[in-house]
Amino acid sequence: MTVEARPLVLGNWKMNLTAREAVAYLRDLLPRVSGYADREVAVAPPFTALPAVAPLLKESPVGLAAQDLFWESEGAYTGEISPLMLQDLGVTYVLVGHSERRRHLGETDRMVNQKVLAALRSGLRPVVCVGEQEAARASGRARSVVRSQLLRALSEVPRGEASSLAIAYEPVWAIGTGRAATPADVSEMHACIRSELQRVYGEAGGAVRILYGGSVSGGNIDAFMESPGVEGVLVGGASIRLDDFARIVGFRRPA
Ligand code: PGA
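So, here's what we can say about the structure.

The rules we used
- Residues numbered from 1 in each chain as written.
- Predicted model: local features only at pLDDT ≥ 70, side-chain atom pairs only at ≥ 80, totals over all residues.
- Heavy atoms only, no water.
- Phe/Tyr/Trp six-rings, centres within 6.5 Å; stacked < 30°, edge-to-face > 60°.
- Helix = DSSP H or I, 4+ residues; strand = E, 2+ residues; numbered from the N terminus.
- Buried < 20%, exposed > 50% of the residue type's maximum accessible area, 1.4 Å probe, protein only.
- Lys NZ or Arg CZ within 6 Å of the ring centre and 35° of its normal.
- Contact = heavy atoms within 4.5 Å.
- Core = buried A, V, L, I, M, F, W, Y, C linked by side-chain atoms within 4.5 Å.
- Axes fitted to C-alpha atoms, helices over the stretch in contact; angles between N-to-C directions.
- Parallel < 35°, antiparallel > 145°, perpendicular 65-115°, else oblique.
- Left-handed = near helix turned anticlockwise from the far one by under 90°.
- Nonpolar A, V, L, I, M, F, W, Y, C, P; charged D, E, K, R; others polar.
- Salt bridge = Lys/Arg side-chain N within 4 Å of Asp/Glu carboxyl O.
- Pairing = 2+ DSSP bridges.

1. Quick notes on the packing of aromatic side chains
- Summed over the entire model, instances satisfying the criterion amount to 5 aromatic pairs.
- Here Trp13 and Tyr25 contribute two aromatic rings whose centre-to-centre distance is 5.5 Å and whose plane-to-plane angle is 75°, an arrangement assigned as edge-to-face. Taken together, the residues span a long stretch of sequence, with Trp13 in the loop between strand S1 (8-12) and helix H1 (19-33) and Tyr25 in helix H1 at a distance of 12 residues. Neither residue differs from the other here; Trp13 and Tyr25 are each classed as buried.
- Three or more aromatic residues joined by ring pairs form one cluster here, namely Phe70, Trp71 and Tyr77.
- Between the NZ or CZ atom of Arg39 and the centre of the ring of Phe251, over which it lies, the distance is 3.9 Å.

This is the structure:
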């Protein structure tokens, strides 16, 4: 089994855009990012904009993603959003374990794992975010940190579900800082993630897309997409800048 052939460009809008703004933005964006057969595009608006954008995206090749989910399907969990609610809106992908949630909301590897399992049970495709802090990179522990996050996040995920997963490698120090990792460092970490996936899932571990995220822009996208082992990108800040995101989706790779 090989990696899903098409690279994935996923825009994480974070806590930006009201429902009305989201619709207006998508009306401008969709014509500019819909003409590609060889790449997949999806956007992750805030929860409050999902119902408004879902009908627009349904008519387009651009997929719908959510930024988070809870691990129970219903019940007394004030403020949470269940996998079933997302599925009901036509959501395909869901981010899990973004470093901003780990940092500001105290999300742990155990919670990330519960969310991954819940997403898979509901037929959602989790995009599992992993990445080291700056101190870990400086002290040469980046790989062991990422490996440990990965294995804990995927605990008890059966081999048969591996092909529904994507991993986003997002070094924390590169997120929102304008200081992207080097393509060489990204390729090295992606190779490490790939070998863990194959060790755990065998051949099926080869089918998981591994994305890079952290200050991806129109200016550096081609260099990332040319790098070995980069099968897509998770884009934050630039995903709500029309020209930048259109340029990222239109990345060029040497023939
Ligand atoms: P950034 O964010 O592109 O603004 O660095 C990436 C992310 O948080 O997913």
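2. So, the environment of Gly232
- Following the sequence through the fold, Gly232 ends up in strand S8 (residues 232-235).
- Relative accessible area serves as the criterion here: at 0%, Gly232 is assigned to the buried category.
- In this structure, the C-alpha to C-alpha distance between Gly232 and Tyr77, residues 155 residues apart in sequence, is 34 Å.
- What Gly232 contacts, discounting residues up to four positions off in sequence, is Pro7, Leu8, Ile210, Leu211, Tyr212 and Met225.

3. Quick look at the environment of Leu151
- Inspection of the secondary structure assignment puts Leu151 in helix H7 (residues 142-153).
- C-alpha of Leu151 to C-alpha of Glu196: the two residues are 45 residues apart in sequence and 8.1 Å apart in space.

4. Focus: the nonpolar core
- In terms of nonpolar packing, the biggest core is built from 67 residues, with Leu154 and Ile193 touching the most fellow members.
- If near-sequence neighbours (up to four positions away) are discounted, Ile193 is found in contact with Val130, Val146, Leu150, Ile167, Tyr169 and Ile210.

5. Focus on the packing of H1 against helix H10 (residues 242-249)
- Their axes nearest at 10 Å, the elements H1 and H10 cross at an angle of 25°. With respect to their mutual orientation, H1 and H10 come out roughly parallel. Judged by the twist between their axes, the crossing of H1 over H10 is right-handed. Two secondary-structure elements touch here, H1 through Tyr25, Asp28, Leu29, Arg32 and Val33 and H10 through Leu242, Asp243, Phe245, Ala246 and Val249.
- A breakdown of the residues in the contact of H1 with H10 according to their chemical character gives 7 nonpolar, no polar and 3 charged.

6. Quick look at the pattern of salt bridges
- Tallying each qualifying case throughout the model produces 20 salt bridges.
- With a closest N to O distance of 2.9 Å, Arg101 and Glu107 form a salt bridge.
- On the basis of relative accessibility, which here comes to 22%, the residue Arg101 falls in the partly exposed class.
- Here the salt bridges share partners, and the residues they tie into one network are Asp68, Arg101, Glu107 and Lys115.

7. Some thoughts on the pairing of strand S5 (residues 125-130)
- Most of S5 sits out of view: 6 of its 6 residues are buried.
- Alternating residues of S5 divide into Arg125, Val127 and Cys129 and Pro126, Val128 and Val130, and every residue in both groups is buried.
- Summarising the sheet, strand S4 (residues 93-96) and S5 pair through 4 bridges and their orientation is parallel. Note that in S5 the partner of Val96 across the bridge is Val128.
- Examined bridge by bridge, S5 and strand S6 (residues 166-169) share 4 bridges and lie parallel to one another.

Everything listed here is a matter of coordinates, which is why it stays silent on function.
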